[in-house]
Amino acid sequence: MNKKILLVEDEVSIADVFKDQLTLGGFDVDIALGGAQALEMLKAKSYDLMLLDLVMPEVDGLAVLQTIKEKPEEYHKIPTIALTNVTSDDVKKEVEAYNLKAFLPKLSLKPQTLIETVNNALTK
Amino acid sequence: MNSDSPNLKNINTIAYDKTLREKLEELHNSLGEGITDVAAQATQFITKYKEDAVKQLKFMSKLTADLSVALIQARGDKELNTEEQNQFEDIKKLADALGNLQFRINRLIMDITKMENLSEQISEEGTVLLEALIEVQDKLRTIRADINDLGFFSNNPTLANLFDKQNADVSN
């Protein structure tokens, strides 16, 4: 049975690119087009891993991580990989406090690296 | 007031307390002209600021997304030669800078939204306070009027005259 991944990305064009890559890698992928939608989907369905964009309007990636941490009665812990153009060390430090499995730069990411990182995160 | 004058504060220490009355009036004015105005101005300023920031963020998001997709697809899984790698790094630097800026602007917008909510709350709570204040002032006026209506002062023209004067002073 394929592992289920929740891909949280507010830009449809980017979400589609990564969904294609992950599907080719053998994963079932659902897309959430924002933080609020991601939180709803996490409540409704169980996922093996979340790929999370950090910059999104209203509820951004950090807010999603904060909500999951602050409401353990509503959300299960889920292995998460940040997928973002943000490279600032300050932001990375802030995000790493949530024990992310990896921090992937969207632009320099090769499909093979994406699949390998996801597989590693799932087996850790 | 001479030493023979009745001390109306003895009749009701609250309703006839001049300092208390003045403070209530002061609070009334500051709520009407000050606090609610400040909250309204803050909301106006915040809304305008947020609109500008959101506009910029949307523009940048679109630009970064287009750039990201173009770059991801152009690169694919292939090995780049030195020239391509240098070009890729140049564009990536630009996209990184955009990404970092986007994150900060986005966080700023989220903070502004929180401020907006806070400002609305101040405005709402100011209105609730003003309504409560008006009610208290009205009740105190009624109490003073009720005491006046007892009419025992009217049996004494000197006291009645004195009372009318004092009553006029407290009627606001």
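How each quantity is defined
- Residues numbered from 1 in each chain as written.
- Chains lettered and ligands numbered in written order.
- Predicted model: local features only at pLDDT ≥ 70, side-chain atom pairs only at ≥ 80, totals over all residues.
- Heavy atoms only, no water.
- Pairing = 2+ DSSP bridges.
- Helix = DSSP H or I, 4+ residues; strand = E, 2+ residues; numbered from the N terminus.
- Axes fitted to C-alpha atoms, helices over the stretch in contact; angles between N-to-C directions.
- Buried < 20%, exposed > 50% of the residue type's maximum accessible area, 1.4 Å probe, protein only.
- Right-handed = clockwise from strand over helix to strand, strands pointing away.
- Core = buried A, V, L, I, M, F, W, Y, C linked by side-chain atoms within 4.5 Å.
- Contact = heavy atoms within 4.5 Å.
- Left-handed = near helix turned anticlockwise from the far one by under 90°.
- Nonpolar A, V, L, I, M, F, W, Y, C, P; charged D, E, K, R; others polar.
- pLDDT = per-residue confidence, 0-100.
- Buried area = accessible area lost by both parts, 1.4 Å probe.
- Salt bridge = Lys/Arg side-chain N within 4 Å of Asp/Glu carboxyl O.

1. Comments concerning the sheet that holds strand β3 (residues 49-52) of chain A
Residues and elements named next belong to chain A.
At step 1: Read across the sheet, five strands follow the order β2-β1-β3-β4-β5 without closing on themselves; strand pairing throughout is parallel. Among the strands making up the open sheet, the edge pair consists of β2 (28-32) and β5 (102-105). In this sheet, adjacent strand axes meet at a mean angle of 20° when their direction is disregarded.
At step 2: Here strand β1 (residues 4-8) pairs with β2 via five bridges, running parallel.

2. Section: the environment of Leu-129 of chain B
Residue and element names in this part refer to chain B.
At step 1: Locating Leu-129 in the fold gives a position in helix α3 (residues 82-149).
At step 2: Looking at Leu-129, the relative accessible area reads 41%, which means it is partly exposed.
At step 3: Here the alpha-carbon distance between Leu-129 and Leu-27, two residues 102 residues apart in the chain, equals 9.6 Å.

3. Quick notes on the pairing of β1 of chain A
At step 1: Burial analysis of β1 of chain A places four of its five residues in the buried class, the great majority of the element.
At step 2: Regarding topology, helix α1 (residues 12-24) of chain A serves as the crossover connection from β1 of chain A to the parallel β2 of chain A, and that connection is right-handed.

4. Here's the deal with the nonpolar core
All names here are of chain A.
At step 1: Of all hydrophobic cores here, the largest spans 26 residues; its most connected members are Leu-6, Val-8, Leu-42, Met-50, Ile-68 and Val-95.
At step 2: Within the residue set of this core, elements represented by two or more residues are β1, α2 (35-44), β3, α3 (61-70) and α4 (89-96).
At step 3: Not counting chain neighbours up to four residues away, the residues in contact with Val-95 comprise Leu-54, Leu-62, Leu-65, Leu-100 and Phe-103.
At step 4: Ile-14, Leu-49, Leu-51 and Ile-81 belong to the second largest nonpolar core, which has 23 residues in total.

5. Points about the packing of α1 of chain A against helix α5 (residues 111-123) of chain A
All names here are of chain A.
At step 1: Axis separation between α1 and α5 bottoms out at 10 Å; the angle between their running directions is 65°. In this structure, α1 crosses over α5, and the sense of that crossing is right-handed. Together, Phe-18, Gln-21 and Leu-22 of α1 and Pro-111, Leu-114, Ile-115 and Val-118 of α5 make up the contact between the two elements.
At step 2: Split into classes, the residues belonging to the contact of α1 with α5 amount to six nonpolar, one polar and no charged.

6. Describing the confidence of the model for chain B
All names here are of chain B.
At step 1: Considering every residue of chain B, the mean pLDDT works out to 73; 71% of them sit at 70 or more.
At step 2: Averaged over each element, pLDDT in chain B is lowest for helix α4 (residues 157-170) (59) and highest for α3 (80).
At step 3: As a predicted assembly, this complex carries a pTM of 0.65 together with an ipTM value of 0.73.

7. A closer look at the environment of Leu-24 of chain A
All names here are of chain A.
At step 1: Secondary-structure assignment places Leu-24 in helix α1.
At step 2: Overall, Leu-24 belongs to the exposed group, its relative accessible area being 79%.
At step 3: Separated by 87 residues in sequence, Leu-24 and Pro-111 place their C-alpha atoms 9.5 Å apart.

8. Focus: the interface of chain A and chain B
At step 1: Contact residues are listed per partner, giving 28 residues for chain A and 25 residues for chain B.
At step 2: The junction of chain A with chain B conceals about 2,200 Å² of combined surface from both sides, 60% of it contributed by carbon and sulfur atoms.
At step 3: Three residues, Val-55, Leu-107 and Lys-110 of chain A, lead the burial of chain A against chain B; their summed loss comes to 29% of the area buried on that side.
At step 4: Scanning the region where chain A abuts chain B turns up one salt bridge.

9. Quick notes on the pattern of salt bridges
Pairing is possible between side chains of opposite charge, provided their charged atoms come close.
Residues and elements named next belong to chain A.
At step 1: In this structure the tally under the stated criterion is eight salt bridges over all chains.
At step 2: Between Glu-9 and Lys-106 there is a salt bridge, with its nearest N and O atoms 2.8 Å apart. Taken as a pair, Glu-9 in the loop between β1 and α1 and Lys-106 in the loop between β5 and α5 lie far apart in primary sequence, 97 residues in all. Lys-106 matches Glu-9 in its accessibility class, with the two residues each being buried.
At step 3: In this structure, the salt-bridge partner of Asp-30 is Lys-45, at a minimum N-O distance of 2.7 Å. With Asp-30 in strand β2 and Lys-45 in the loop between α2 and β3, the pair connects residues that are 15 residues apart, well separated along the chain.

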